[in-house]
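Fold and geometry: a report
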Amino acid sequence: LKMSQLKFYLPLHILLAACLCHSIKAPTTSSQQSFKTGLFNFYHSLILADGKETTVHLLKDIPKRYYFVLEESRVLSPFTITVTPCDVPIEWSILVHKASASFLGKETQGEHDTQEVSKSQKAPSMVSTIFNYKGNSVETYMGMSSHAALYMLEFLSTERDTHITVYLTTDTTSGHLYPELPMDPRIDVVGVGHTTVTLTWKHSPSVLQHRENIQYCLLVNEKHNYKSLCAAETAIRSSGMKLPPTLALSLSPYLLEPQQVMILSNSELSIINKASSGEVRQICLGTKNTYTVPALSPSTQYYFDVFVVNLLTNASAAYTGTFARTLEEPEPKVMELKDGKVIQVVLDGKKQKSYSLQYQARHKKIQFTFQLCRGQVQVHITKNGKTVASENISGLRYFSLKGKVLDTYLVQLRSTEESNSSVKVQVSPHFHKPLFPLLPESLKIKSFSKLRTCNSVTIAWLGTQEESKYCVYKRRIEEDQVWRELQSADRCSGPESRHKSEKVLCKYFYDLNLQRAVTTETIQGLDAGTLYLFDVYLFGPSGIPVRYHSKVVKTRKKC
């Protein structure tokens, strides 16, 4: 307390003690008992700091009280109290205890003053409730007083343990702890797309006056709007995540938890919290008051809250939240499949868009063939609207299906990786004329370490019971190219994409006994201590090649 307040506060305690003793001796009525209880509460309260935001923790059904003192003044003295619930609705009230002059050591003059003293001796003080509120909105009480008075704030949570923030100031001339909101604090939705929503809001007067210390932060989620930044942070924590300090201070990557992703681009900070209940996105925008929220899901309702934050005090004020539903994703264009024709589909992994193919059967039995060229692809096949096959494919995959003539099949393809994927698709009623060659049990190429020399390596691969053509290609590569080459290899591309100088040989072979359907080849004329990438292509009756998995082998440095 200030010294001036302390001078007032000490006689006031004497006053309260005298009142309490006096009321104990006198016969008690219900009103007197209530009065005694009010005085007792003052003695069991905490001092509320002036000009500072105080965090108050509340236990369920247990009231908590704070008090502050106002001095007597020749003019009306303003004061404001702002209470911010951080979770559930709470009840809070302001009580005031006004003391008479005689008990504060004031001299009395004249008959009028004597009458006043007489009255005050009979009723030395008065406790009254001047404000009540119940809810979870941020509420501010503005008061004026010229009398010496003791104020008490009482807080109660009846739902569960929670916490709130309380801000008291008696100096209304030195600026605002909380940033100011404009006269119209609404957020306007000015554009809605399939994956974007564009928002705008009127500037805070605080931004116009103190641009370098104020910024806007936007919160995006799929559950509901939040009435304060404090409430938003509490909700995110309760979903199982730890949140950095207030959004305005969430600029340091080391504050992030494993469930959070930070994105910093174009002077905008985004923190994405991955929670079981959905994604909560926080974007701090500086002083921009228009923003297009990207990367949303189609046909989904989102809630948007804008907070204007004072970077110096960490205090914030909330605009009136809004919501919007993104547009439905347009139906993908459906391509018709024709008997025996092969098409190659490239899928965008980042946008996760599906690709649809339709086929109307002309025979009762049909066969779909999928050759994975790159990445990972999920295949979903329906017949007349009912699912008949669904799985992630690798390599070459056949689906043999039975139905009726004119049955309609719909094939949906989707990349399961963030990088692009591609796949070749064919449908045919001709089982006896397969487009792709008969495949061995494995498409891996094996190398023999003990047979390596400084200028040769020996490789082996499996064959089939069907006589087929196999072509071997080699290419010299560097150490730092290995991973990229193996990851980006297009398994559907044939030898036509290779340089003629990379061709080593072509050969035919087969064996009716699959246990012996193995062939080896020693490639000569290599450089010592050098990495080589080897590929084997298998050609079937139709001439369409299947590429084995590439193999990297290094020749010996010394022999």
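Residues numbered from 1 in each chain as written. Predicted model: local features only at pLDDT ≥ 70, side-chain atom pairs only at ≥ 80, totals over all residues. Heavy atoms only, no water.

As recorded by an unreviewed UniProt entry, the chain carries the name Protein NDNF and is attributed to Sclerurus mexicanus. Recorded under Subcellular location (unreviewed entry), the UniProt text for the chain is reproduced unchanged: "Secreted". (UniProt positions renumbered as here; feature names shortened; annotations may be inferred.)

**Observations concerning the overall build of the chain**
On a plain count of helices and strands, the chain comes out with six helices and 36 strands. Taking all 559 residues of the chain together, the buried fraction comes to 43%. Sequence-distant contacts in the chain: of pairs separated by 6 or more residues, those separated by 24 or more amount to 74%. Here the chain has roughly 30000 Å² of accessible surface; of this, 51% comes from carbon and sulfur atoms. (Helix = DSSP H or I, 4+ residues; strand = E, 2+ residues; numbered from the N terminus. Buried < 20%, exposed > 50% of the residue type's maximum accessible area, 1.4 Å probe, protein only. Contact = heavy atoms within 4.5 Å. Areas by Shrake-Rupley, 256 points an atom, 1.4 Å probe, with all protein chains shown as cover.)

**Let's talk about the nonpolar core**
Core analysis: the largest hydrophobic core is formed by 24 residues, its most contacted members being Phe368, Phe370, Val379, Ile381 and Leu413. The set of elements that each furnish at least two residues to this core consists of strand S21 (343–347), strand S22 (355–360), strand S23 (365–374), strand S24 (377–383), strand S25 (386–393), strand S26 (396–402), strand S27 (408–415) and strand S28 (421–428). When neighbours within four sequence positions are excluded, Ile381 is seen to be in contact with Phe368, Phe370, Lys386, Thr387, Val388, Ala389, Phe399, Leu401, Tyr409, Leu410 and Val411. Formed by 23 residues, the second largest nonpolar core is a distinct cluster that contains Leu58, Phe79, Tyr133 and Leu153. (Core = buried A, V, L, I, M, F, W, Y, C linked by side-chain atoms within 4.5 Å.)

**Remarks on the sheet that holds S28**
Pairing within the open sheet is antiparallel, and its four strands lie in the order S21-S28-S23-S26. Each edge of the open sheet carries a strand with a single partner, namely S21 and S26. Within this sheet the neighbouring strands show an average axis-to-axis angle of 25°, counted without direction. (Pairing = 2+ DSSP bridges. Axes fitted to C-alpha atoms, helices over the stretch in contact; angles between N-to-C directions.)

**Quick word on the sheet that holds strand S33 (residues 518–523)**
Here three strands make up an open sheet; going across it, the order is S29-S30-S33 and the pairing antiparallel. At either end of the open sheet lies a strand with only one pairing partner, and these are strand S29 (446–447) and S33.

**Concerning unusual backbone geometry**
Within the chain, Asn384 stands out as a residue other than glycine whose phi angle is a positive 55°. Tracing the chain through its elements places Asn384 in the loop between S24 and S25. Positioned with a positive phi, Leu406 is a non-glycine residue whose angle comes to about 75°. By the element assignment, Leu406 lies in the loop between S26 and S27. Its relative accessible area of 55% is what places Leu406 among the exposed residues.

**Structural notes on the packing of aromatic side chains**
Using the criterion set out here, one finds 20 aromatic pairs in the structure. Look at Phe68 and Tyr151: their rings are 5.0 Å apart centre to centre, the planes differ by 5°, and that puts the pair in the stacked class. Note that Phe68 is positioned in strand S3 (residues 64–70) and Tyr151 in strand S8 (residues 149–156), a separation of 83 residues in sequence. By the burial criterion, Phe68 is buried, and Tyr151 matches it. (Phe/Tyr/Trp six-rings, centres within 6.5 Å; stacked < 30°, edge-to-face > 60°.)

**Overview of the environment of Tyr409**
Checked against the element boundaries, Tyr409 lands in strand S27. A residue is classified by how much of its surface remains accessible, and Tyr409, at 1% relative accessible area, is buried. Spatially, the C-alpha atom of Tyr409 lies 9.2 Å from that of Lys386, the residues being 23 residues apart in sequence.

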